[in-house]
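# Coordinates in review
Residues per chain are reported as follows:
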Amino acid sequence: MPKSSPILGSMRFGEWGARLSPVAVADLLEAALDAGIDTLDLADIYGGHSTNALVGAAFAVRPGLRARLKLIAKIGIVMAGSPGNARGVQHYDLSVEHLRRALDDSLSALGVDRVDTLMLHRFDPLLRPDAIAAWIRDEQRAGRVGDFGVSNFDAHAIALFDGRLPVSANQIELSLANAGAIDDGTLNATRARGAEVQAWSPLGGGDLLDPHSAVGGRVHARLQAMAGEFGLDPASLLLRWVASVPDTRVVLGSTKIERLREGARVCAEPLPRDAWYALWEAARGRPVP
Ligand SMILES: NC(=O)c1ccc[n+]([C@@H]2O[C@H](COP(=O)([O-])OP(=O)(O)OC[C@H]3O[C@@H](n4cnc5c(N)ncnc54)[C@H](OP(=O)(O)O)[C@@H]3O)[C@@H](O)[C@H]2O)c1
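It should be emphasised that the depicted structure is a prediction, and the values quoted were computed from it without experimental measurement.

Reading the values: the criteria
- Residues numbered from 1 in each chain as written.
- Predicted model: local features only at pLDDT ≥ 70, side-chain atom pairs only at ≥ 80, totals over all residues.
- Heavy atoms only, no water.
- Buried < 20%, exposed > 50% of the residue type's maximum accessible area, 1.4 Å probe, protein only.
- Helix = DSSP H or I, 4+ residues; strand = E, 2+ residues; numbered from the N terminus.
- Pairing = 2+ DSSP bridges.
- Axes fitted to C-alpha atoms, helices over the stretch in contact; angles between N-to-C directions.
- Parallel < 35°, antiparallel > 145°, perpendicular 65-115°, else oblique.
- Contact = heavy atoms within 4.5 Å.
- Nonpolar A, V, L, I, M, F, W, Y, C, P; charged D, E, K, R; others polar.
- Near = heavy atom within 4 Å.
- Polar contact = N/O pair within 3.5 Å; in protein donor to acceptor, adjacent residues only side chain to side chain.
- Areas by Shrake-Rupley, 256 points an atom, 1.4 Å probe, with all protein chains shown as cover.
- UniProt positions renumbered as here; feature names shortened; annotations may be inferred.
- Salt bridge = Lys/Arg side-chain N within 4 Å of Asp/Glu carboxyl O.

## Some remarks on the pairing of strand 10 (residues 248–252)
Here strand 10 lies mainly inside the structure; 5 of its 5 residues are buried. Side chains T248, V250 and L252 project from strand 10 onto one buried face, and the interleaved R249 and V251 project onto a second face that is buried too. Pairing geometry for strand 9 (residues 196–200) and strand 10, over 3 bridges, is parallel. Bridging from a neighbouring strand, A199 pairs with V250 of strand 10.

## Examining the packing of helix 1 (residues 22–34) against helix 3 (residues 51–61)
Where helix 1 meets helix 3, the closest approach of the two axes is 8 Å, and the angle between their N-to-C directions is 75 degrees. The pairing of helix 1 with helix 3 is recorded here as roughly perpendicular in orientation. Touching P22, V23, V25, A26 and L29 of helix 1 are L54, A57, A58, F59 and V61, all from helix 3. A per-class count over the contact of helix 1 with helix 3 returns 10 nonpolar, no polar and no charged.

## Considerations on the site of the ligand
Near the ligand lie 28 residues; those nearest to it are R12, D41, S201, S254 and K256. Within the contact set of the ligand, an oxygen atom lies 2.9 Å away from a side-chain nitrogen or oxygen of N152. Here an oxygen atom of the ligand and a side-chain polar atom of W200 are 3.5 Å apart. Protein contact buries 84% of the 920 Å² of open area that the ligand shows by itself.

## Quick word on the UniProt feature "domain: NADP-dependent oxidoreductase" (unreviewed entry) in the protein
Residues annotated by UniProt as "domain: NADP-dependent oxidoreductase" (unreviewed entry) correspond here to residues 7–279. Helix and strand shares over residues 7–279 are 45% and 17% respectively, and the end C-alpha atoms of the span are 23 Å apart.

## Quick word on the packing of helix 10 (residues 214–230) against helix 11 (residues 234–243)
In contact at an axis separation of 9 Å, helix 10 and helix 11 are set at 90 degrees when each is read in the N-to-C sense. Between helix 10 and helix 11, the angle falls in the class roughly perpendicular. Contacts between helix 10 and helix 11 involve L223, Q224, M226, A227 and F230 on the former and, on the latter, P234, L237 and L238. Taken together, the residues of the contact of helix 10 with helix 11 sort by class into 7 nonpolar, 1 polar and no charged.

## As for helix 3
Those residues of helix 3 not exposed but buried are T51, N52, L54, V55, G56, A58 and F59. Where helix 3 is buried, its residues contact helix 1, strand 2 (39–43), helix 2 (46–49), helix 4 (65–68), strand 3 (70–75) and helix 5 (96–110).

## Quick look at the side chain of T51
Its location among the elements puts T51 in helix 3. A polar side-chain atom of T51 sits 3.4 Å from the main-chain amide nitrogen of G47. Leaving out residues up to four positions away in the same chain, T51 has contacts with S10, F13, G14 and Y46.

## Let's talk about the pattern of salt bridges
Across all of its chains, the model carries 19 salt bridges by this definition. Between D34 and R68 there is a salt bridge whose closest N-O contact spans 3.7 Å. Of this pair, D34 sits in helix 1 while R68 is found in helix 4, placing the two residues 34 residues apart along the sequence. Put simply, D130 and R164 hold a salt bridge, and the shortest N to O gap is 2.6 Å. Residue D130 is located in helix 6 (residues 129–142), and its partner R164 is located in the loop between helix 7 (155–159) and strand 8 (169–173); the two are separated by 34 residues in the primary sequence.

Written out as structure tokens, the structure is:
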């Protein structure tokens, strides 16, 4: 599988989106694999703590499916309504105690004994990198965790693991709707560590395709014109814009098989540099200096 092939996101599979059945999830995963997408992004909170179990049910109805997929499991967010959250305050908990329990729950909901990447979902100012590194190494030795990754970590946060534990990936918001990671050093800090950039919400959650949204309005005319020029639909051009950034894989959010196939196809080729800048200029509202 080429390194640039997209990742499939599960956030909208269940209660937070398409409310797919286990069989429909299994069909989607199989179609994604056939299209060259072999990595599935998961998080314990998706669907209000229900989507991992939905994916586990899909694995149960389609034997052999799990073995063909690489799983990314994100943990560390406690939502206001998460089980056991006594005060009902939305927060992040990267204590080893919470992480161990969240990994246990994720493996059990998915019905698997290992995830390929375990990712800290959000930066927690109260985190202790030494304790996390020691625990991750224990889990790696026990065979429950493959690589270690982070998500939404800025350049300073990712540096906390320097010399402690290799970071395989940083999953960040990156699209024409939010390209802050380019300017604030997050992208460079991730690449400088040899880690993969995983770009979530590559279509701005759909906003970029809506000419009535602020950013959708800014990019609309140029997006339409350039989509025609490249023979792509606007969504495909937006995905190719993100996938053109070196060391970056797009996390696709669609639950439609045809859109996943098209996403895999268009991410395989980068945009010419001037076309990439033309779209960035439209989103920024001004040329680069
Ligand atoms: N690490 C984090 O903090 C974090 C945060 C958010 C998300 N994520 C991950 O990133 C993944 C992707 O995020 P996202 O879902 O926000 O991605 P996105 O690609 O920006 O948005 C997906 C939405 O756009 C719609 N869409 C896709 N193609 C379209 C088209 N051609 N025309 C019109 N609408 C279209 C989809 O609807 P259809 O289903 O109908 O195609 C879906 O509602 C998530 O599943 C999750 O795994 C991670």
